[in-house]
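These are the residues of each chain, in order.
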Amino acid sequence: MTQAQPSATPEFRRVAQRLRDDVTGGVYAPGQRLPAAADLAERLGTNRSVTERAVRLAAAEGLLTTRKGSGAYVARILKRIPRRAAALLRVPDGGEADGTREAVEAELRDMGLAPRYFPTVSTERAPQDIAGLLGVKRSGKNILVWETRVFAVPIGAQPTDPGTPVELIRTYLPLDIAAGTALEQPDVAPLGIRGRLAELGHRPTEFTETIEVRPPLDDEAQFLGLDTDNRVVQLTHSATAGDRTVEISVSVFPAHLWSFSYRWSAS
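This report concerns the structure included in the present document. (Residues numbered from 1 in each chain as written. Predicted model: local features only at pLDDT ≥ 70, side-chain atom pairs only at ≥ 80, totals over all residues. Heavy atoms only, no water.)

## Structural notes on the overall build of the chain
Now for step 1: Of regular secondary structure, the chain possesses nine helices and 10 strands.
Now for step 2: The buried share among the 267 residues of the chain stands at 43%.
Now for step 3: When contacts within the chain are restricted to residue pairs at least 6 apart in sequence, those whose partners lie at least 24 apart make up 62%.
Now for step 4: Summing over all exposed atoms, the chain offers an accessible surface of approximately 14,700 Å²; the carbon and sulfur share of this is 50%. (Helix = DSSP H or I, 4+ residues; strand = E, 2+ residues; numbered from the N terminus. Buried < 20%, exposed > 50% of the residue type's maximum accessible area, 1.4 Å probe, protein only. Contact = heavy atoms within 4.5 Å. Areas by Shrake-Rupley, 256 points an atom, 1.4 Å probe, with all protein chains shown as cover.)

Here you go:
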C-alpha cells in the first residue's frame, strides 16, 4: 500500500511560519535587510535550502522583497490598504470634483501614510481593448492618456524619501472631448478628471468596475518592486455620460497590499 506524500514537510511549514511571525511581529523593521541565508538559517534552526524556500514564499506573499545580488528586505508596508469603492465614487457638495484623492488620502492617513502623485499626460493611439470600450477608431492619436504613479510615504517624511510604490493608474479619455482643455495639463489633478468632464458637459452618471488578478507586466513589476511570483490586481473602471463612455481608468495594485470593499443597498 502506497502512502500519500504530504504537500509540504512539517519542517518547511514551521520555518515559513516562524519567518512570517518574525516579519509581522517586528523582529525586523520595515525596509530592513534580512541576515544572509546562512545566518538566517541558523536563527530559524534549519538548513539553508529550507530557509531559501521560506524566503521565496514570504516574497510571494508580499512580506519580503528580494533584490538580485543584495538579499531579501522586509516590505515597507505590511498592512493592507483598504480601497472603499463607495467613497471613491462619492461626489462632494457642488459636484465639481470627485472624491478619489480625498478617499485615498484618508485611507493612507489612517495608516500613518501620505500619498505622492506623479502624473504625466500624453496623446496616443488607443490600444485595441480601450478603443472598443471608448467607441473610438484605432486611427492616429485619438486618446488622451494620463499615467499616474502613486507612492506612499510616512506622514512627515523628508522630500527625499522615495516612498513605496502602491498603484499605477492609466486613464484614457477620448481626444474629441479632452483636446484643447485643462485635461491636457497635469495640474488638473487636484480638481479631478471627473469634475473637468462635468464642466465640459459630460458628467459621468454610471460607473462599471471589473477586477482581475494576473501576473505583472515587466514595466509594472519594475515600478511596483514586485517579484515574478507576485500578482497584481487590475481594476478597469469605466465612466459613462448619457449613452457614451467618456473615461476608462486601468489601475494596477500589488495584490498583497490592497483590499477592496464594495457596498450597496437592496432594491
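## What about the pattern of salt bridges?
Now for step 1: A full pass over the atoms with the stated rule returns 13 salt bridges.
Now for step 2: Ionic pairing is found between Glu199 and Arg196, a salt bridge with its closest N-O pair at 3.2 Å. Of the two residues, Glu199 and Arg196 are both situated in helix α8 (residues 193–199); the distance of three residues between them amounts to about one turn of the helix.
Now for step 3: On the basis of relative accessibility, which here comes to 22%, the residue Arg196 falls in the partly exposed class.
Now for step 4: The salt bridge involving Glu220 is made with Arg214; its shortest N-O contact spans 2.9 Å.
Now for step 5: Judged by relative accessible area, Glu220 falls into the buried class, the value being 2%.
Now for step 6: One continuous salt-bridge network, built from bridges that share partners, spans Glu147, Arg149, Arg170 and Asp219. (Salt bridge = Lys/Arg side-chain N within 4 Å of Asp/Glu carboxyl O.)

## Topic: the nonpolar core
Now for step 1: Counting 18 residues, the largest nonpolar core has Leu19, Leu34 and Leu64 as its most contacted members.
Now for step 2: Listing elements by their share of this core, those giving two or more residues are α1 (10–24), α2 (37–44), α3 (48–60) and β2 (71–74).
Now for step 3: If we ignore the near neighbours within four places in the chain, the residues touching Leu64 are Leu19, Val23, Leu34, Val55, Ala58, Ala59, Ala72, Tyr73, Val74, Ala75 and Asp227. (Core = buried A, V, L, I, M, F, W, Y, C linked by side-chain atoms within 4.5 Å.)

## So, the sheet that holds strand β6 (residues 164–174)
Now for step 1: One open sheet accounts for six strands, arranged β4-β5-β6-β9-β8-β7; its pairing is antiparallel. Edge positions in the sheet fall to β4 (113–124) and β7 (206–214), since each of these pairs with one other strand and no more. With direction set aside, neighbouring strand axes in the sheet form an average angle of 15°.
Now for step 2: Pairing between β6 and strand β9 (residues 244–254): five bridges, direction antiparallel. (Pairing = 2+ DSSP bridges. Axes fitted to C-alpha atoms, helices over the stretch in contact; angles between N-to-C directions.)

## Here we look at α3
Now for step 1: Relative to the 18 Å expected for 13 residues at 1.5 Å per residue, α3 spans 18 Å between its end C-alpha atoms, a close match to the ideal helical length.
Now for step 2: Of the positions making up α3, those classed as buried are Val50, Thr51, Ala54, Val55, Ala58 and Ala59.
Now for step 3: The backbone nitrogen of Ser49 lies 3.1 Å from a side-chain oxygen of the residue at the head of α3, namely Asn47. (Expected span 1.5 Å × (residues − 1). Polar contact = N/O pair within 3.5 Å; in protein donor to acceptor, adjacent residues only side chain to side chain.)

## A few points about the packing of α2 against α3
Now for step 1: Contact geometry for α2 and α3: axes closest at 9 Å, N-to-C directions at 95°. When the axes of α2 and α3 are compared, the pair comes out roughly perpendicular. In contact with Ala37, Leu40, Ala41 and Leu44 of α2, α3 contributes Arg48, Thr51, Glu52 and Val55. (Parallel < 35°, antiparallel > 145°, perpendicular 65-115°, else oblique.)

## Quick notes on α1
Now for step 1: For α1, with 15 residues, the first-to-last C-alpha span of 21 Å sits near the 21 Å given by 1.5 Å per residue.
Now for step 2: Within α1, burial applies to Phe12, Val15, Ala16, Leu19, Asp22 and Val23. Looking straight down α1, one finds its buried side chains confined to an arc of 125°; they lie on one side. What points out from α1, more than 90 degrees from its buried face, is the exposed set Pro10 and Thr24.
Now for step 3: At the C-terminal side of α1, Gly26 shows a positive phi close to 90°. (Arc of directions from axis to C-beta.)

## Describing the side chain of Arg214
Now for step 1: Note on placement: Arg214 falls in strand β7.
Now for step 2: Residue classification places Arg214 among the buried residues on the basis of a relative accessible area of 14%.
Now for step 3: Side-chain polar atoms of Arg214 contact the side chain of Glu220, separated by 2.9 Å.
Now for step 4: In contact with Arg214, other than residues within four places in its own chain, are Glu220, Arg231, Val232, Gln234 and Val252.

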